[in-house]
Amino acid sequence: MLSCRFLAHSSAAASSCSLSLFQFDSHFLLFSTNPNPNPKPKAPFVPSSWIPHLQLQQLLYDKSKAGFDKLEDALVVFDKMLRMKPLLPVLKFNQLLAALVRMKEYSVAVSMFREFRVLCIPADMFTFNTIIKCCCHFNSTLDYAFSLLSGMIKRGLVPNVVTYNTLIKGLLSQDRPVEAEHLFKKLIKFNEIQPNVVTYTTIIDGLCKTSNTSMAVDLFRSMEKRGCKPDTITYNTIIDSLCKDRHVDHALGLMSEMNHKGISPDVITYNRLIQGLCHLDRWKDTARLLSEMGFMKISPDLHTYNILVDAYCKIGMTNDAKHVVETMIQKGVFPDVVTYNTLMDGFCLTGRMDRALEVLYTMRSNGIVPDCYSFTILINGYCKRQKVDKAIDLLKQMSAEGLKPEVETYNTIIHGLFQIGRHGEVWNILHEFLRNGDKLNIVTCRILLDGLCKNQHIDEAISFFGLMECNGQIHDIQLYSILIDGLCKNRKLDMARNIFNNLASRGLQPDVVTHNILIRGLCQEGLYEEAKELLSKMEVSSCLPNDATYNTIIRGSLVNKKYEDALVWIQNMRAHRFSADASTTSMVIDLLSAEERDPSVLAFRKWFSQ
């Protein structure tokens with residue numbers, strides 16, 4: 001009965017276009033590729049009423065490498081293991097835990113371990129390390145992982161480097177870098193363990209992921225001083241972070257250092273460098289690295305080709321992108337849904353919707369099933385070209401093919417309908433979205449509020465905003481800025497001012513955009529002095545004016561004939577190294593060329609002439 005109780009508990013827990021990296025004469029057709037044959041499905045596990053010891057032990061060994069097909073199968077095996085007399089050795093229970101980890105059933109593994117302890121099933125170092133690893137996947141059980149560390153010591157087990165590596169990685173994954181650093185320093189200080197390359201690489205990876213690349217580099221440099229040699233994974237981690245921080249030359253230097261020290265770069269090293277170079281449009285260096293890969297006999301993989309396709313598509317070089325796709329096929333690397341989606345997006349960005357659709361047909365003909373993102377790309381492309389009806393047809397096609405549109409898909413169509421003034425149809429789309437059990441996200445709310453304001457449905461915007469406030473759905477300064485902007489443009493300045501003044505009581509701090517909107521609204525209503533006072537408050541607060549602020553107040557001073565003030569604002573703008581935008585420049589030029597004899601205008605002209 002005890003095992004049945006566990007089964008029930010576990011189930012519930014459960015540079016230029018001519019500089020192409022690949023030159024081919026082939027015409028872009030439907031790619032004539034055959035997808036890789038699907039692997040044969042694994043034979044289903046059918047629990048029998050009786051499994052001999054040897055057969056069960058072989059089964060546990062096999063499943064510890066690959067995991068069970070279904071959680072229920074693992075639980076049935078555990079049930080049978082508990083009924084065996086004598087109990088199987090701890091090694092076999094460890095193999096069952098390893099199978100659950102392979103299946104990512106971490107909470108079930110922890111529950112099973114607790115059952116071990118109730119049944120006094122022995123646990124060894126591997127058992128504890130496995131469960132500590134499971135606990136580190138959840139913030140709520142990380143403290144339990146450290147209590148297990150104490151339990152190990154009480155049982156006379158000495159935690160090893162694997163134990164501490166797992167705990168450090170767990171702390172970093174749960175955004176607790178200070179505690180990870182403290183644990184690491186304590187281990188070194190008291191010689192608890194000799195940190196190995198995995199320990200250092202784990203901490204370096206955590207620092208890189210929290211944007212502390214310089215600290216990661218310092219730790220990287222201290223490794224060898226402590227007698228620990230970095231490996232390829234360590235170098236790849238640092239190189240990736242440097243490239244993301246746009247320090248590609250530093251990253252290239254590290255790869256040269258790898259070669260000098262006899263540490264071989266792999267395809268991951270090259271992929272990260274190529275991606276960094278592509279982001280900086282350094283095509284010659286990218287071509288050099290690709291040639292170097294060939295010399296080093298390192299074959300580009302799917303990710304390499306996807307990086308190149310994405311880089312070309314982002315700068316509108318879709319012909320080069322399609323050449324990359326043709327090349328990868330010739331090299332025996334088959335495109336995946338990411339490749340095709342990227343190419344489709346590239347064609348959509350350049351307005352070639354027919355070619356984007358051709359890619360969709362190519363995907364299907366090659367056995368690649370389009371996903372939700374594939375359709376969203378096309379829908380976005382049509383909406384940007386104001387062909388919303390075709391976008392809606394694709395939305396219907398998604399449902400017909402069993403694909404559930406995501407909130408981003410609906411957001412795209414709603415935004416497209418507002419852009420062409422089809423306000424009434426927005427609610428039909430919105431009702432369909434809500435009918436599917438989905439919820440509005442903050443982006444949807446922004447699109448709806450902005451669309452209502454820009455289409456002069458300000459009363460509906462106010463009602464919608466009030467409804468969101470009543471439901472406690474908004475705590476977002478951008479939403480308030482959108483409404484304040486709409487109110488100002490619809491000559492409802494008193495309401496806009498009131499909302500702005502009450503932001504602090506709602507726990508929100510107006511940002512520079514919010515200030516700029518109200519300053520412009522005040523100037524448009526002739527309340528220049530109030531706008532001037534608001535800007536002065538900005539200058540003494542933590543919200544500093546930007547170039548848009550100065551351009552707004554300069555235009556406001558000119559519209560309100562405050563020419564002396566305009567000169568002061570222009571001088572302040574220049575002192576902050578901001579530039580006049582097109583609208584401000586046009587107003588100044590018009591004033592300088594006008595037949596105006598006003599002394600203040602003449603003084604304004606004189607200042608400019610000097």
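Per-chain numbering applies: the sequence of each chain, read as written, is numbered from 1 onward. Thresholds applied to this predicted model are a pLDDT of at least 70 for local features of residues and 80 or more for the giving and counting of side-chain atom pairs; totals over whole chains, interfaces and linings are not thresholded and use all residues. Hydrogen atoms and water are omitted, and side-chain values are computed over all heavy atoms in the structure.

(A) Local environment of helix α7 (residues 142–154). Counting from the N terminus, the helices are the DSSP runs of H or I reaching at least four residues and the strands are the DSSP runs of E reaching at least two. An expected span of 1.5 Å times one less than the residue number is assigned to each helix. For α7, which comprises 13 residues, the first-to-last C-alpha distance of 19 Å matches the rise-based estimate of 18 Å (1.5 Å per residue) to within 8%. Relative accessible area decides the class of each residue, using a 1.4 Å probe on protein chains only: under 20% of the type maximum gives buried, over 50% gives exposed, and in between gives partly exposed. For α7, every residue scored as buried is listed here: L142, Y144, A145, L148, L149, G151 and M152. For α7, the angular spread of buried residues about the axis comes to 165°, placing them on one side. Projecting away from the buried face of α7 at angles above 90 degrees are the exposed residues D143 and K154. Summarising the contacts, the buried residues of α7 are in contact with α5 (106–118), α6 (125–135) and α8 (161–173). Taken from the helix axis, the directions to the C-beta atoms give the arc we talk about. Here, two residues are considered to be in contact whenever any of their heavy atoms come within 4.5 Å of each other.

(B) Inspection of the layout of surface pockets at higher detail. As defined here, a cavity is a set of points on a 1 Å grid over the protein atoms alone where a 1.4 Å probe fits but cannot get out. A pocket is an open set with protein on both sides within 12 Å along at least five of seven lines, and residues line them when an atom is within 4 Å of a point. Grid points are joined across faces, edges and corners, and a volume is the space filled by probe spheres set on the points. Taken as a whole, the largest pocket spans an internal volume of roughly 930 Å³. If you go around the largest pocket, you meet 32 residues; those closest to its centre are K133, H137, V162, T166 and K169. Of all the secondary-structure elements, those providing two or more residues to the lining of the largest pocket are α2 (53–66), α4 (90–102), α6, α8 and α10 (197–209). The residue classification treats Ala, Val, Leu, Ile, Met, Phe, Trp, Tyr, Cys and Pro as nonpolar and Asp, Glu, Lys and Arg as charged. All others, Gly included, are polar. Its residues placed into classes, the lining of the largest pocket shows eleven nonpolar, 14 polar and seven charged. In this structure, the second largest pocket spans a volume of roughly 270 Å³. Every element with two or more residues in the lining of the second largest pocket is listed here: α9 (177–189), α10 and α11 (213–225).

(C) Spatial organisation of the nonpolar core. Membership of the largest hydrophobic core comes to 187 residues, with the highest contact counts inside it found for I238, I274, L378, I413, I553 and F604. In this structure, L378 is in contact with M344, C348, M353, A356, L357, L360 and L394, ignoring residues within four places of it in sequence. Definition used in this section: a nonpolar core is a set of buried Ala, Val, Leu, Ile, Met, Phe, Trp, Tyr and Cys residues joined via side-chain atoms within 4.5 Å.

(D) Spatial organisation of a positive patch on the surface. By definition, no residue in a patch forms a salt bridge, and every one has over 30% relative accessible area; like charges are joined within 9 Å, nonpolar side chains (Val, Leu, Ile, Met, Phe, Trp, Tyr) within 5 Å. Using a 1.4 Å probe, accessible areas were evaluated by the Shrake-Rupley method; residue-level cover was limited to the displayed protein chains. A side-chain nitrogen of Lys or Arg and a carboxyl oxygen of Asp or Glu constitute a salt bridge if their distance falls within 4 Å. Two residue types count as positive, namely Lys and Arg, and two as negative, namely Asp and Glu; His and chain ends fall outside the count. Charge placement uses NZ in Lys and CZ in Arg. For Asp and Glu, CG and CD serve respectively. On the surface, a cluster of positive charge is made up of K65, R102, K133 and K169. Note that R102 resides in helix α4.

(E) Structural detail: the packing of aromatic side chains. Think of it this way: a Phe, Tyr or Trp ring, Trp meaning its six-membered ring, pairs with another when their centres are within 6.5 Å, and the plane angle makes it stacked under 30 degrees, edge-to-face over 60, tilted otherwise. Scanning the model with the defined rule gives twelve aromatic pairs in all. Ring centres of F78 and F116 lie 5.8 Å apart, and the angle between their planes is 40°; this geometry places the pair in the tilted category. Here the residue F78 occupies a position in helix α3 (residues 71–83), and F116 occupies one in helix α5, the gap between them amounting to 38 residues. What links up through ring pairs into an aromatic cluster is the set F78, F93 and F116. Geometrically, a charge over a ring is one whose NZ (Lys) or CZ (Arg) sits within 6 Å of the ring centre while staying within 35 degrees of the ring normal. The ring centre of Y144 lies 4.5 Å from the NZ or CZ of R114, which sits over that ring.

(F) Summary view of the pattern of salt bridges. Across all of its chains, the model carries 29 salt bridges by this definition. Among the ionic pairs, R446 bridges to D476, the shortest N-O distance being 2.7 Å. You can see R446 sitting in helix α24 (residues 442–454) and its partner D476 sitting in the loop between α25 (458–470) and α26 (477–489), a full 30 residues away along the chain. Within this structure, R221, E224, E257 and K261 form a network of salt bridges that share partners.

(G) Main features of the environment of K133. Positionally, K133 belongs in helix α6. Considered as a pair, K133 and R506 are 373 residues apart in the sequence and their alpha carbons are 42 Å apart. Those residues in contact with K133, other than ones at most four positions away along the chain, are V101 and T166.

(H) Quick peek at the packing of helix α31 (residues 563–575) against helix α33 (residues 599–609). The contact between α31 and α33 brings their axes to 9 Å, and the two run at 25°. One finds that α31 runs roughly parallel with respect to α33. Mapping the contact onto sequence places Y563, A566, L567, I570, Q571 and R574 in α31 and S600, V601, F604, W607 and F608 in α33. When its residues are assigned to classes, the contact of α31 with α33 shows eight nonpolar, two polar and one charged. The axes used here are C-alpha line fits, helices contributing only the stretch in contact, and every angle between their N-to-C directions lies in the interval 0 to 180 degrees. An angle counts as roughly parallel when it lies under 35 degrees, as roughly antiparallel when it exceeds 145, as roughly perpendicular when it falls between 65 and 115, and as oblique in every other case.

(I) The arrangement of the environment of G416 in detail. Looking at the element boundaries, G416 is found in helix α22 (residues 407–419). Those residues within four positions of G416 in sequence are excluded, and the remaining contacts are C383 and V388.

(J) Inspection of empty space enclosed by the protein at higher detail. The calculated volume of the largest cavity comes to roughly 30 Å³. Along the walls of the largest cavity sit D345, C348, L349, N380, G381 and K384, which together make up its complete lining. Listed by contribution, the elements that provide at least two residues to the lining of the largest cavity are α18 (337–349) and α20 (372–384). Along the lines of polarity and charge, the residues of the lining of the largest cavity split into two nonpolar, two polar and two charged.

(K) Molecular detail of the state of the cysteines. Cysteine sulfur atoms that pair up within 2.5 Å are treated as a disulfide. Inspection of the entire model under this criterion finds zero disulfides. Here C313 stays unpaired: no disulfide links it, and the sulfur of C348, its closest cysteine neighbor, is 10 Å away.

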